[in-house]
Amino acid sequence: LLLLAFSSLFCCLRIITCDELLTGLSNSGVVAVAALCAVSAAIDKTKALNGIMGRALGSPSTSSMGMVRLAIPLISLGSVFNNTPLVAVFIPIVKQWCASKGLDVGHFMMPLSFMAMLSATLTTMGSSTNLLAVKLVPAAGIRFLDPAPVGCFIIVTGVLYCTFLAPCMLPLVGDAEPGTDAAGKKNEEPQKPESMRDKFEVYFKVARGGPILGKSAEEIGLLKAVKEPAVVRCTVGDGSKAMEVGERFKVLDASASDVIAMAAIPGLNLQSFTSWHQVPREKQRSAKHLWKKAKQVKLAMKLKSRPFQCMSEAPQDEDEFVSGIEGSSRMAIPVRRWIAAGMDGGWAEASVTLFKLVVPPGGPVGMEPSVMKSRDSAVTTCLLKELQRYLSTYQCTLVGMCGASPDEDGKLVLCGGELLLVEAPTRSVGGELRESFALVIPVEEQPVPGAVRLSPLDPYRPFLAVLGLLLTVVMAAFDLAPLDAVAFLVALSSILLGTLSGPDLYRSINGPVLLTVAASFGFGAAIFNTGLATCLASGVLFLVEDYGEAAITGALVGLALLLGVFVSNNTVVILLAPLIQDICKRKGINLKMAMLAVIYAANLSFATPFSYQTNMMVMPHGKYVFIDYIKFGLPMMIVCGIVALIGTYTVWG
């Protein structure tokens, strides 16, 4: 926003023209960045990389071997895949891999970010910085694979640095799987017994308008959606008949990942704990009373309204109706909607956010149960409805629990350590819950279970998403078609195939990055028109021009590395592009060589967590502090910068 504000101010002061201010909005490079974001979103949505990465990472015996196994797929994908969504995809995969193989996640999170940035030195598609540099200085004539010869040497240097020094210099997190040490060997601590693992009993209800209506649970593979020991059961029948609105399914011994994967199935709504757990006292009512209630329910369904509805409440749609006999309804949380209408297939928008809450001794902080507390202050007895009322203050709905169960009167005994599974409207709710519970664990979003088949296209969607990315790369590499046009066609085909919805496509476009890239053209024009670029060029030349072309290139690389410590890599390219053009014109230096040198240096933002967004993304997962980036990232930046300078001058000088 500041960049756009300054560019607009320069236009008002007549430093740049209106056409120069708006050039970025019509530039093909900006369009290409937006389209590639959408292509990346299709890969992420289908979780196409998860299975591939599991096989590629393998089972290394040491952290050093694990680093090499991680580098191969990461750099291969990063050369054509925007590094920010790539790191976002890799973080949960690498954490799960480290936990299962007994590796410490602290040794891999920072190298994950750094190697993703290094992968951008192979092609012009690797990052928005590369595309920005190509479009800002078209006279340099940088083609798709021009960065690759020197980029290979930079990558080898960076991977070797991470392989040998990361286990020594980076802190231990200690998130290895119980029963294994950092070297992957079994220790003396026994594994968790089966009874201590989180197992939940939850219920799902078939919603109106979903793709599973009219199909049987056996036909779509719903009864085989979860792996053992979890099991899916029909509450009525054996699953052979066509499903109807309101039909329920019970999932037993399910992990939180199983639950959120089931919730990803379009047309299947997760039910609150209080809606299906009925206290026997409520059921033991006279037949006359139940008959009266049933008549009210029938009347309410005819009127398409909620039974026992107050006059002040707005009428509800029939598909949102839950009867009074059935119990309280779910909170007003957005449900998943079927987005590929008329295609019998597609991927729905993720809207269910689950958290696992560990109850502290004495119960949740601030909850005042009506039942008298035990003499032991660590034990609290409360009613189920009181617990739900307490969670409702955080906009959460209880959907399952582990380690506790209500008795016949709906009473719960909480001794501490019980596990509650709750649904929340947003991820931000987790921060508010941390003060009331011993531990708040967000449940990672999962794709629709592989056994569930809603459409003939479902098994092929991940393959089609990867195929679209490969098509984009091939077209751009051999200059068969414009990159932005091909990327847009691939992104739009994802909508036609039902992989992405329209809102998904809009959300995938990184607005801040696009705005920065678009506004940079006007800012760069202002630097050139005011003569500031000429003044800076004169200053740089005054210091190093007597030492030849190599010294001038080295000064540009050093300046780019220094700026990269304080500002983003896009800003580095914006500031230096007019300067490089002026210096090359005055001294007759190869413009392509100078721009490639700066592209390499701009992608070496390792010195601080604020240098690049992926550094911030991995920081909490690796439990790093600021000094860790300086100790590990600054030397790596200097070493790779020297290799970039020598390689660029040797190949292109």
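Quantities reported herein were computed from a predicted structural model and do not represent experimental measurements.

*Asks:* Explain the sheet that holds strand 5 (residues 353-358) here, please?
*Replies:* In any sheet, the strands associate via hydrogen bonds between backbone groups, in a parallel or an antiparallel arrangement. Across the sheet, which stays open at both edges, the 4 strands sit in the order 7-9-5-10 with antiparallel pairing between neighbours. Looking at strand neighbours, the two that pair on one side only are strand 7 (397-402) and strand 10 (439-442), the edges of this open sheet. On average, adjacent strands in this sheet sit at an angle of 25 degrees to one another, irrespective of strand direction. For strand 5 and strand 10, the ladder comprises 4 bridges, and the chain directions are antiparallel. In the sheet register, Phe355 faces strand 10, and the bridge partner there is Pro442. Packed onto the sheet, helix 11 (residues 256-263) meets strand 5 and strand 9 (419-424) and runs at close to 160 degrees relative to strand 5. Contacts from helix 15 (residues 384-392) reach strand 5, strand 7 and strand 9 within the one sheet, and its direction differs from that of strand 7 by about 125 degrees.

*Asks:* Can you help me understand the environment of Asp258 in this one?
*Replies:* As for its position among the elements, Asp258 is in helix 11. Along the chain, Asp258 and Pro449 lie 191 residues apart, while their C-alpha atoms are 8.4 Å from each other. With residues near it in sequence (within four places) discarded, Asp258 still touches Val226 and Ala230.

*Asks:* Looking at this structure, how should I read the pattern of salt bridges?
*Replies:* Close approach of charged atoms allows side chains of opposite charge to pair. Inspection of the entire model under this criterion finds 3 salt bridges. For the salt bridge of Lys592 with Asp146, the shortest nitrogen-to-oxygen distance reads 3.1 Å. Of this pair, Lys592 sits in helix 24 (residues 591-602) while Asp146 sits in the loop between helix 8 (128-136) and helix 9 (148-169); the two residues are 446 residues apart in sequence, bridging distant segments of the chain. For the pair Lys592 and Asp146, a shared accessibility class is recorded, and that class is buried. Notably, a salt bridge pairs Asp582 with Arg586, separated by 3.4 Å at the nearest N-O pair. Note that Asp582 and Arg586 are positioned in helix 23 (residues 569-587) at a spacing of 4 residues, about one turn of the helix.

Calculation criteria
Residues numbered from 1 in each chain as written. Predicted model: local features only at pLDDT ≥ 70, side-chain atom pairs only at ≥ 80, totals over all residues. Heavy atoms only, no water. Pairing = 2+ DSSP bridges. Helix = DSSP H or I, 4+ residues; strand = E, 2+ residues; numbered from the N terminus. Axes fitted to C-alpha atoms, helices over the stretch in contact; angles between N-to-C directions. Contact = heavy atoms within 4.5 Å. Salt bridge = Lys/Arg side-chain N within 4 Å of Asp/Glu carboxyl O. Buried < 20%, exposed > 50% of the residue type's maximum accessible area, 1.4 Å probe, protein only.

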